[in-house]
Each structure stands twice: as C-alpha cells, then as structure tokens.
Amino acid sequence: MSAPSAPSAASAPQEPQGRPRVSEREARQVAEAAREQGWRKPSFAKEMFLGRFRLDLIHPHPMPASEDVKRGEQFLTKLREFSETRIDGARIEREARIPDEVINGLKELGALGMKIETKYGGLGLTQVYYNKALALVGSASPAIGALLSAHQSIGVPQPLKLFGTQEQKDAFLPRLARTDISAFLLTEPDVGSDPARLATTAVPDGDSYVLDGVKLWTTNGVVADLLVVMARVPKTENGKGGITAFVVEAGSPGITVENRNAFMGLRGLENGVTRFHQVRVPAANRIGPEGAGLKIALTTLNTGRLSLPAMCVGAGKWCLKIAREWSAAREQWGRPVGRHEAVGAKISFIAATTFALEAVVDLASQMADEDRNDIRIEAALAKLYGSEMSCLMADELVQIRGGRGFETADSLAARGERAVPAEQMLRDLRINRIFEGSTEIMHLLIAREAVDAHLAVAGDIIDPDASLSDKARAGAQAGRFYARWLPKLVAGPGQLPGSYAEFHPAGYPDLSTHLRYVERNARKLARSTFYAMSRWQGRMETKQGFLGRVVDIGAELFAMSAACVRAELMRTSGDHGREAYQLADAFCRQARIRVEELFTRLWSNTDDLDRKVVNGVLAGTYTWLEAGVIDPSGEGPWIADATPGPSQRENVHRPVH
C-alpha cells in the first residue's frame, strides 16, 4: 500500500529517454524503504486505527511554555502590522508576483527564520506559533504563505535541522534565517509521488558530485538562493548509492530556471522548471548518507505538512467572517439570507469546521513541539482533512455570495461594491489537495501506517515471495497477536453511559456522548480493517477506495476528538468555553453523519463496477460518448522531454536581494 497500482503496459505512456525502468514491486520497495519503520513514541492516531481510544495522549490538552507564548505573540503583533500595511494581496493577484520590497520586508522582519534557532539568527518560534504566523500572513496573501512555508517547512532549513552536520548548519542556517530563500526539488516531469523512477543523477567525482537532470514545479525555485535537490547517486564500490539529498547553491554554473509556471490560483507563486547540466556540488553539501534522501524528505514532512492545514485554518476563519457579514447585510424575501435555513446550514458548517480544523492543527502542532508523541499520522491526517474541508468551506462561501461569489474582486470594486476575493480563495485553496501529497496519495500513506501493526505480524503470510517456513512463522505470530487483540475490540468505555463525564459539565452541551461515539467507532473501524485484510489479504493494497474511506473515517474521529478536547480546554481556561462547547457539539453531530455514510460505503459501493467502466474507458470502448465536442487543448506531448543536457532556454532565475 505504499504506492498506487501502476497502469498496464498497454496504456502506459512511452518512457522518456534516460528514465529508469522500475517495476511496480520495485517502486513499492523504494517507498517502503523510505518509511520510518519503528514506533519509538506513542501515537494517538495509530492507536485509534487499532481500535484503542487513548484519550490520555491528548487530554488534558498540551500547553506551550509561557516564554514560547510571549515570543510568539510578540512576533505575531509585528507580522500583523506588516501584513496590514505592507502587503497588497489584490496587487499580487493582478501582477502575479510578490513585489521585491515585500519579500525584503519579510526578510527584515525575520519571517524567513521563524523556525530557525536563535543561535543561528532565527526567531526560534514553536510549531504552534509558526503555524499561526502562516495562517495570518497567508490570509493577506496565500502566495506569501506558500513562499514562507516552502522555504521553512520543506526547504533547506528543516532537513538541515534534523539531519545536517554542524558545519552545514553553521554555513547555511544564518543565511536562511535572514537573507536566503530556499526551495525543495524532488518532482520531475515524469516523476511525482513515485520517486523510484527519479532520473536526476549525482555522479561522484573526487570531492564533489556532478548533477544532471530536470526538476518540475519547484516552488520558490525562480527566486531561490539555496536548493534541496534529490538526485540518484549510482552505486559504487565505495558508496551504496540511491536517492540522496544535497544543498545546492541556486546560482551555480549549469543551473537554468527554464520557465516560471502559471497556475489557476496562487498567482504570485514563484514556481518553475529547473535544469541541471554538469552542476558541481561539494560532497560536504550532501545531507545525510547516500541513499537517505527519501527518508529525509518524509521525516521532514512529518511536521512540515502542518503548515498547509494551518493556512487552511486561516482560510476558514476568513470564509466565516465574510459569510457572517454578507449574510447579515444581504436580504431576500424580507429577511437576511443567513436567516434562511438553506444558507444558515452552510454558515453552521463553516463555523463548526473552522473550529475543529483549528483544534486539529493546534493539537498536532503542540504535540510536535513537546516531542513526546510520534505525530506522523496526525500530521498527515491534518493535511488531508484541512485541504479537503477548506475547499468545501470556500465553495460554500462562493455559493452563499451567489453571483458575487463568482465575480472577481476587481470587477466588484469597479462597479462600486466591496472587493471580496471569494472566487480567488476557491482557486488558491484548490492546490492544497495536490500539494505535498495529493489526497489520493495521502490516503495510501496513512493507510499504510494504519495497518503497520498488522503487516508487522502477518506480512509474510500475504507476501508472494516469502518462503513456506516464513509464512508458517508469521501465521503463528499472527495467531498470538490476534488472540490478544481481537477480544479487546468487542467492548469498551464507549458503551458505558458515564464515560468521559468531565466533558458534560452542568449547563453545557454534552460532549461526552461524542467521545463515547469515537471510542465505539474506533473499535468498529479496527474490526472492519481486520475483516478486509482477512478477506482480501495480498489484494488489500489494490482496494484504494476501501482504504480511502477507512482513512476518512479516522480523520473525522480524530477531528471530533480534537474539537472536544479544545472545547474543554477553553471552558477550563474561561476563554469562550460555552461557545466552544456549542461549536464542538455542532461539528461532532455533522461529522457523525459523514462517518455513518463512510461506514456504509465501506461495503456498499460501486468500486467493482467503477473498475469495469475504467477498463472500458482506457480501452476506448466509450469513445463514442466523446463525440460532439471540440478539444481546445494545444498540441504537444503529455509529458515534456526531460533528457539531460545543456539548456537551450533563457535563465529566468531572479533572486531577490
């Protein structure tokens, strides 16, 4: 379950020149080897997928240190003033570029070094306050949020913090904290979430490596000063080779930014195509050992993924503000549109979901700061849930605004109305379902982690290459594991009316009933997963529809838990506790409806029929259905040629200094 099933040979596009030929099994092995194999720390989400509702891991809600709060709030104050006075989001949208003076202002403010330690010149913010800063500045301009996030969440600073040598930290982190923008380069024209076919090479040559290849969708690549580049090192007598990470100076000879890409949203994004031709990189710039590149990337993303849902929280807050103000001002049939039930339901969804999403992000972020728990699943769930739900909230806002929601902000202003960029918000958020792991890939990634315990005890049973003795040994091991585990899924606190009583204080909505629901359904989800593994065994990895629904149920249960815990924290701290309880109650009731539907669709769905239809579509059986339209697409290959060699195009690299 580490990668989606590959297309058949008959339907696969022709391999570009120089692309490594990799079988489906080999691709899965590469992805599996990059996973963090062990679980050295507890994980709330991992336990939940195993049917164990460990509320003690998240309640009482973890809290930041007072010094971290003071430092974070001081920076947020400065960032808010800067965002209100120096950032013109409408101008960035019109000109499709962040002005240099804005980027330089962010540098002066220290925004490039939010997560970099103070000893290297950074601000040393916690994950919680880094995320709050991204939500704030991203609400002023999503393109700026993306620039800062790509620089610090997946760019050079984070992998150096986790895996860099002291010499590398001393050399690069002070630059990255104040002056230098970084970018992360993994994707290639024919390589996305399947890195086994990575074609960019890094050939050892003395005390250097020589890089050749082409990278696509290099966020920040157009303006970057430093790059993290993933390249394949050939195996030698002295080195194991494999996909390896390097810090590369963006201005090095042989590097050409061949194109600045344009998108339906995030128009200020400095995203490009970067070609490497005989680029010499010192061996001292290699991050970690040869072959560790993918593991470094995935480990970096364990917390790096939290930046994206943080900006989704900011989007939800803005959607709620506009929905409230507009729905009170606009009247239809004698009363404000927000008082009509059809519109009111949308407002309630936006409010409740924003509350829950902020609860998820803040909880996961504080857990990351404390470093007591393994949050790889929690962060992935936050990314998946945030990207999906924020798109729904923005879509509902457009609907609430009606024709004005579809109209651009400039057009609204031109005819004398408030310039509300609702349609831009919808366009800008859409990429989040693709960025840093598409929804489909996130389903597979989380599902693989969710069934890790099962594969650990029974993997050889379904492994076609395992010997009979290995299968027998695995069978005995699995028998012992399931003999202990399965009986625990029969009953639990969720069936006891008095469980979680502290979440039902007098005069407040009853949240204890929702936590009991989560506990019962965590066990039900674990039983469903076990039954599916027993039924499909080795074919389980092909059941992507089923796995996606399992993960979506887990995401809803995690969000319900986080919402209840946050509401109780706000009640005990005297901070809008009653309103928080009401929002948590509304969210949980809405989420329960979605969970029930997902459970039904685990076994009652059209997956098999869909597979037949897809086979027909790909075989050309239904081409008659395509008749009667004109295809406005231009000519050209589906995938651009990425053959290594010198660039034939102008270099559009423009570092901001």
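Note: the structure precedes this text.
Numbering of residues starts from 1 in every chain and runs along the sequence as written. With the structure being a predicted model, the display of local features is reserved for residues of pLDDT at least 70 and the display and counting of side-chain atom pairs for 80 or more, all residues being used for whole-chain, interface and lining totals. In computing side-chain properties, one takes all heavy atoms of the structure into account and sets aside hydrogens as well as water.

Caption draft 1: Layout of the side chain of histidine 653. In DSSP terms, a helix is any run of H or I states spanning at least four residues, a strand is any run of E spanning at least two, and both are numbered starting from the N terminus. Within the fold, histidine 653 resides in the segment after α23 (607-619). Among the polar contacts made by the side chain of histidine 653, one reaches the main-chain carbonyl oxygen of alanine 224 at a distance of 2.6 Å. By the convention used here, residues are in contact when the closest approach between their heavy atoms is within 4.5 Å. Once residues within four sequence positions are removed from consideration, histidine 653 is found in contact with Gly221, Val222, Val223, Ala224, Ala250, Gly251 and Val257. In protein, a polar contact requires one atom able to donate a hydrogen and another able to accept it; more generally it is a pair of N or O atoms within 3.5 Å, and residues adjacent in sequence count only if both atoms are side-chain atoms.

Caption draft 2: Spotlight on unusual backbone geometry. With omega at 0°, the peptide bond leading from histidine 59 into proline 60 counts as cis. Along the polypeptide, proline 60 turns up in the loop between α2 (44-49) and α3 (66-86). Unusually for a residue other than glycine, tryptophan 217 sits at a positive phi of about 55°. Mapped onto the secondary structure, tryptophan 217 falls in strand β3 (residues 208-219). Within the chain, tyrosine 500 stands out as a residue other than glycine whose phi angle is a positive 60°. Along the chain, tyrosine 500 turns up in the loop between α19 (468-485) and α20 (512-536). Looking at tyrosine 500, the relative accessible area reads 14%, which means it is buried. Here the term buried applies to any residue with accessible area under 20% of the maximum for its type, exposed to any over 50%, and partly exposed to those in between, with areas from a 1.4 Å probe on protein chains only.

Caption draft 3: How the structure looks around the pairing of strand β2 (residues 201-205). In short, DSSP must find at least two bridges between two strands for them to pair. Where β2 meets β3, five bridges bridge the pair, whose relative direction is antiparallel. Looking at β3, one finds that valine 203 is bridged to valine 210. The hairpin turn running from β2 into β3, its antiparallel successor, is two residues long, and glycine 206 in that turn takes a positive phi close to 65°.

Caption draft 4: How the structure looks around the nonpolar core. If you look at the biggest cluster of nonpolar residues, it comprises 98 residues, and the most contacted ones within it are Phe49, Leu381, Phe503 and Phe587. The leading source of residues in this core is helix α21 (residues 544-572), at 16 residues. The contacts of leucine 381, once residues within four sequence positions are left out, are Ala45, Phe49, Gly386, Ile446, Val551, Gly554, Ala555 and Phe558. The set of buried Ala, Val, Leu, Ile, Met, Phe, Trp, Tyr and Cys residues whose side-chain atoms join them within 4.5 Å is what this entry labels a nonpolar core.

Caption draft 5: Quick peek at the pairing of strand β4 (residues 226-233). Within β4, seven of the eight residues are buried, which leaves the element mostly enclosed by the surrounding structure. For strand β1 (residues 182-185) and β4, the ladder comprises four bridges, and the chain directions are parallel. When the sheet's bridge partners are listed, alanine 183 is paired in β4 with leucine 227.

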